[in-house]
Amino acid sequence: MIIAIDGPAASGKGTLGKRLAAHYGLRHLDTGLIYRAVAKAVLDRGARPDDPVAAVSAARALDPSSFDEATLKTHAVGEAASIVSAIPELRAVLVDFQRDFAAQPPGAVLDGRDIGTVICPDADVKIYVTAAPEARARRRVAEYKAQGRDIDEATVLADIHKRDKRDSNRAAAPLRQAADAHLLDTTHLGIDATIRAAIDIVEAVRAGRGRG
Ligand code: DC
């Protein structure tokens, strides 16, 4: 089974992906980490995040087994990732790795921006997870607080608006809900209720398929 999860920044899709994968015994790929790793490698080389040559060469040298989430999940790397990810040549280089990952048995949960639309258009289940920007900003601030960082909510909200705009308006594989994706709005849901709602979606799709 392949489950595609897409959604905007701080929508909770990473946590959802991890928990769904554990529930169904599937592998999990947080595709945002790939773009973050490319962005970090580009910055480390002193290149600009909108430089296609630097981005493609960083992508070719990527070793996903050595990803360090703590260094990739910073705000600065996320911003740079949003910029590098608009480069079509970079996205093209990363397609095969993501599709190969999805194709390995017993299947996988992939989360990102273009999983249901571009990477796995034939995924068994597609979930588009979203939440009001204010709710996402509040969750991000709580995460930062847990890491001992005090960041003002208005600043985080402004960043979220900026990131949504950039990820949705780019020409290459923009953030979009696939026509056959199930919408999961988590504005008023905690993490456990979100997982339960997602499992309900997966089970409903499986039951529907069984009847067909
Ligand atoms: O989900 P995230 O915040 O870790 O993603 C960081 C950036 O990477 C995001 O702003 C857009 C980009 N991205 C993408 O373009 N396509 C994906 N499948 C995943 C992430």
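The paragraphs below set out a description of the structure included in this document. For clarity, every value in this text was computed on a predicted model and none was experimentally measured. (Residues numbered from 1 in each chain as written. Predicted model: local features only at pLDDT ≥ 70, side-chain atom pairs only at ≥ 80, totals over all residues. Heavy atoms only, no water.)

## Section: the overall build of the protein
To keep it simple, the criterion reads: Helix and strand labels come from DSSP, where a helix needs a run of H or I of at least four residues and a strand needs a run of E of at least two; each type is numbered from the N terminus. C-alpha atoms define the radius of gyration, and 2.2 Å times the number of residues to the power 0.38 defines the globule rule. Only protein chains enter the accessibility calculation, which uses a 1.4 Å probe; a residue whose area is less than 20% of its type maximum is buried, one above 50% is exposed, and one in between is partly exposed. Contacts are assigned to residue pairs with any non-hydrogen atoms lying within 4.5 Å of each other. Calculation of accessible area relied on Shrake-Rupley with a 1.4 Å probe; when residues are assessed, cover is drawn exclusively from the protein chains displayed. Just so you know, the count uses Lys and Arg for positive and Asp and Glu for negative, and it drops His and the chain ends. Charge positions are represented by NZ for Lys, CZ for Arg, CG for Asp and CD for Glu.
Within the protein, the secondary structure is distributed over 10 helices and 5 strands. Taken over C-alpha atoms, the radius of gyration comes to 17 Å for the protein, in line with the 17 Å a tight globule of 212 residues would show. Counting all 212 residues of the protein, 46% fall into the buried class. Contacts spanning at least 24 positions in sequence make up 77% of the contacts within the protein whose residues lie at least 6 apart. Counting only carbon and sulfur atoms, one obtains 54% of the accessible surface of the protein, whose full area is about 10,100 Å². A gap of 1 Å separates the mean positions of the 30 positive and 29 negative side-chain charges of the protein.

## Focus on the side chain of Ser-82
Spelled out, the test is: Here a polar contact is taken to be a pair of N or O atoms separated by no more than 3.5 Å, where protein atoms must pair a possible hydrogen donor with a possible acceptor and residues adjacent in sequence count only if both atoms sit in side chains.
Mapped onto the secondary structure, Ser-82 falls in helix H5 (residues 75–84). A relative accessible area of 4% places Ser-82 in the buried class. At 3.0 Å, the side chain of Ser-82 and the side chain of Asp-167 are in polar contact. In contact with Ser-82, not counting residues within four places along its chain, are Arg-163, Arg-166 and Asp-167.

## Examining the pattern of salt bridges
Side-chain pairs of opposite charge can arise whenever the charged atoms involved come near each other. Test applied: For this analysis, a salt bridge means a side-chain nitrogen from Lys or Arg found within 4 Å of a carboxyl oxygen belonging to Asp or Glu.
Counting across every chain of the model gives 14 salt bridges. The shortest N-O distance in the salt bridge between Glu-79 and Lys-162 comes to 3.4 Å. With Glu-79 in helix H5 and Lys-162 in helix H9 (residues 153–169), the pair connects residues that are 83 residues apart, well separated along the chain. Residue Glu-79 is classed as buried on the basis of its relative accessible area, which comes to 13%. Across the pair Glu-143 and Arg-140 runs a salt bridge, and its minimum N-O distance is 3.3 Å. Taken together, the positions of Glu-143 and Arg-140, both in helix H8 (residues 133–146) and 3 residues apart, correspond to about one turn of that helix. We classify Arg-140 as buried; its relative accessible area is 19%. Several salt bridges share partner residues, and in doing so they unite Glu-79, Lys-162, Arg-163 and Arg-166 into one network.

Honestly, that's just the spatial picture; any functional story needs more than this.
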